[in-house]
Amino acid sequence: MQAKIFLSSLLATLLATGVIASPAAVGARDVKSEHGWDGTVTPLEKVATVGAKKAPPKGAIITPKDSDVPVVTTSVEARDIEALSKRTPGCIFVTTDSNWGGTSAYICLATNGGCTIWNNFWRWNISSFGPDPGTTCQISTGTNCDGTTSVAFGYPGYGNLGVWNDNMGSFRCWW
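About the criteria used
- Residues numbered from 1 in each chain as written.
- Predicted model: local features only at pLDDT ≥ 70, side-chain atom pairs only at ≥ 80, totals over all residues.
- Heavy atoms only, no water.
- Phe/Tyr/Trp six-rings, centres within 6.5 Å; stacked < 30°, edge-to-face > 60°.
- Helix = DSSP H or I, 4+ residues; strand = E, 2+ residues; numbered from the N terminus.
- Buried < 20%, exposed > 50% of the residue type's maximum accessible area, 1.4 Å probe, protein only.
- Polar contact = N/O pair within 3.5 Å; in protein donor to acceptor, adjacent residues only side chain to side chain.

## Some points on the packing of aromatic side chains
- For the structure on display, the rule yields seven aromatic pairs.
- Centre to centre, the rings of F129 and F153 are 5.8 Å apart; their planes meet at 75 degrees, and the pair counts as edge-to-face. Taken together, the residues span a long stretch of sequence, with F129 in strand β5 (residues 128–131) and F153 in the loop between β6 (136–140) and β7 (170–174) at a distance of 24 residues. For the pair shown, F129 and F153 are each scored as buried.
- Pairing F153 with Y158 gives two aromatic rings, centres 4.9 Å apart and planes at 65 degrees, and the pair type is edge-to-face.
- Looking at F153, the relative accessible area reads 0%, which means it is buried.
- Through successive ring pairs, a cluster of aromatic residues spans W118, F121, W122, F129, F153, Y158 and F171.

In structure tokens form, the structure reads like this:
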């Protein structure tokens, strides 16, 4: 009973003093700049080659939060990508250490939906992966977008790749 009286008087005091709670403006987070990106775009041919194209996955796209880890998908269905308007080019930011540390590369992809196969330095050496806003990606353990493949996810990506940490052979992105 005393707790109810206390809470009621606290609420009345706050309202009487005119406390206003309004949400603050939230700006878009720039993962690249937050983690020391120097503005250099790494040419795709320096880090990977592009294989066969595939339609983007159908269904919900995951928007990762801090400390999230990607999950495995068991099936991928195609959807009508032509009905979607273009937003951003398919660019990604990757690093060799978890939580956006280590060697980094910012890469703009050449083929929408193409399987991108990492070259020898980057293959099985990536620990953070972040697509730009408007870009959706899936990461795979195999070198031909096969093996264990994640669900589709978008910006800001993952600073901790879980199963795919130092175990990513290829990926596919759509924009």
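## Re the environment of S150
- Topologically, S150 is positioned in the loop between β6 and β7.
- The exposure class of S150 is buried, given its relative accessible area of 0%.
- Residues S150 and V72, spaced 78 residues apart in sequence, show a C-alpha to C-alpha distance of 4.3 Å.

## Quick notes on unusual backbone geometry
- Residue Y155 is joined to P156 through a cis peptide bond whose omega torsion reads 10 degrees.
- Tracing the backbone through its elements, the reader meets P156 in the loop between β6 and β7.
- Of note in the backbone geometry, W100 takes a positive phi value of approximately 70 degrees without being a glycine.
- Looking at the element boundaries, W100 is found in the loop between β2 (91–97) and β3 (101–108).
- One non-glycine residue, D166, lies in the positive phi region at around 55 degrees.
- By secondary structure assignment, the location of D166 is in the loop between β6 and β7.

## Section: the side chain of D132
- By the element assignment, D132 lies in the loop between β5 and β6.
- Only 2.3 Å separates the side chain of D132 from the side chain of Y106, close enough to count as a polar contact.

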